[in-house]
Amino acid sequence: MSQVTHSPDIQDDRLPVIVLSGFLGSGKTTQLNHWLSQRQDLAVVINELGDIGIDQHLTEAQGVPVTLLAGGCVCCVVQGSLSSTLRNLFMARKNGEIPPFNKLVLETTGAAEPSGVVAPLQQDPWLRKRFVCQSVITLVDAQAGVAALERHPECLEQVQGADQLLISKSDLCTPDSLAELKAQLALLNPDASVLLSPGPTSLLDQVFPRRCRITGPLTLSTGVSLQPQLSSVSVSRHQLHSASLRWEGRLSWPHWQAALQQLGNQCGESLVRLKGLLKVEGLDGPLLVQWTGQGEPALSPMNAWPDGDTTTRLVVIVRHDNPDFVHEQVAHWQALLQQLG
């Protein structure tokens, strides 16, 4: 097990960064909200794979600065945007434009590979002087279980790159399947301890030694940085592709049910994640829909639209060798919505 210290003190004035990782639908936002309910000294950066951000509207942040980083995976496509975002946050904090946060939580996309997320903090000289990666905490979906590790290489990378593992949705699986998952996690990452979510707020103060998933502990000496061997990661390489939809119309709930079923049928086994805010007749606020894999959509009515924008918005993520597949399915589905509306 990795050596862990519980003191929040770091030997310099750099701001600690906690990377919150986990595959699509593993419960990262739920974990983040648990922390935010008890800590007000945080800043949050949320990375979304699609062009439309949903998770920032689900974050229960009161007086905590939340920044959306959309349009691609932070470990590869939008690394430059992450650097700019962190610079802007640091300067806004320094100038008193936002609350003086003491830690930053970076919630990654479900496709992000941890070492690619940490890399800008280590490689950018400006950031390296002002931020330090304190920990990588990975959520693992117990309901998806070992099968997710076998199907999704991103999930495997996130487990192997973690300092701390949190198992979510343990109440939705059997004791035997939970034990099997724990045993698999211990084989994949024997250095990381395993807890059931929600992880305690004390995790935000635990400092872990940086490790390289290829060569072991990562050390710094006399100005020479020994960086992890980063693979050439891209959304295409992961075969995870997203498409977004905005639609001004409003449908009855039965029509939405039929439309969602049609979209699920179109995508078939390629569907990995769907989330969005739907405009439903008779509701003042949106209907939040979250759909993971081949399960049933989880539906939650919200009291009000979070940003005043009453437009239906949706992000669909699939695993497919054709990057155009998801765009074609969403275009067909939009035509169906227009017919129903």
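Because the structure is a prediction, the values reported are computed rather than measured.

A.B. asks: Before we go on, may I ask you to explain helix α10 (residues 253-267) in this structure?
C.D. replies: Since the α-helix turns once every 3.6 residues, residues separated by three or four places project in the same direction. In this model, α10 (15 residues) spans 21 Å end to end at C-alpha, consistent with the 21 Å of a helix rising 1.5 Å per residue. Where α10 is concerned, the buried positions are Trp256, Ala259, Leu260, Leu263, Gly264, Gln266 and Cys267. All buried residues of α10 project into a common sector of 160° when viewed along the axis, lining one side. Those residues of α10 that are exposed and angled more than 90 degrees off the buried face are Pro254 and Asn265. Residues of α10 that are buried in the fold lie against β12 (240-247), β13 (271-278), β14 (287-292), β16 (312-319) and α11 (325-340). Backbone geometry just after α10 places Gly268 at a positive phi near 60°.

A.B. asks: What is the right way to look at the side chain of Thr138 in this model?
C.D. replies: On the secondary structure map, Thr138 appears in strand β5 (residues 131-141). Contact partners of Thr138, with chain neighbours within four places excluded, come to Ser21, Gly22, Gln158, Val159, Ala162, Gln164, Leu165 and Leu166.

A.B. asks: When you look at the pattern of salt bridges in this model, what are you seeing that I'm missing?
C.D. replies: When the charged atoms of two side chains lie near each other, side chains of opposite charge can form a pair. Applying the stated rule across the entire model yields 9 salt bridges. Asp41 is paired through a salt bridge with Arg39; the nearest N and O atoms lie 3.0 Å apart. Accessibility assignment for this pair places Asp41 and Arg39 in one class, buried. Of the charged contacts in the structure, one is a salt bridge between Asp205 and Arg39, with a shortest N-O distance of 3.3 Å. Here Arg39 lies in the loop between α1 (28-36) and β2 (42-47) and Asp205 lies in the loop between β7 (193-196) and β8 (211-212), a separation of 166 residues in the sequence. Neither Asp205 nor Arg39 differs from the other in exposure class; each is buried.

What counts and what doesn't
- Residues numbered from 1 in each chain as written.
- Predicted model: local features only at pLDDT ≥ 70, side-chain atom pairs only at ≥ 80, totals over all residues.
- Heavy atoms only, no water.
- Helix = DSSP H or I, 4+ residues; strand = E, 2+ residues; numbered from the N terminus.
- Expected span 1.5 Å × (residues − 1).
- Buried < 20%, exposed > 50% of the residue type's maximum accessible area, 1.4 Å probe, protein only.
- Arc of directions from axis to C-beta.
- Contact = heavy atoms within 4.5 Å.
- Salt bridge = Lys/Arg side-chain N within 4 Å of Asp/Glu carboxyl O.

By themselves these figures say nothing about function.
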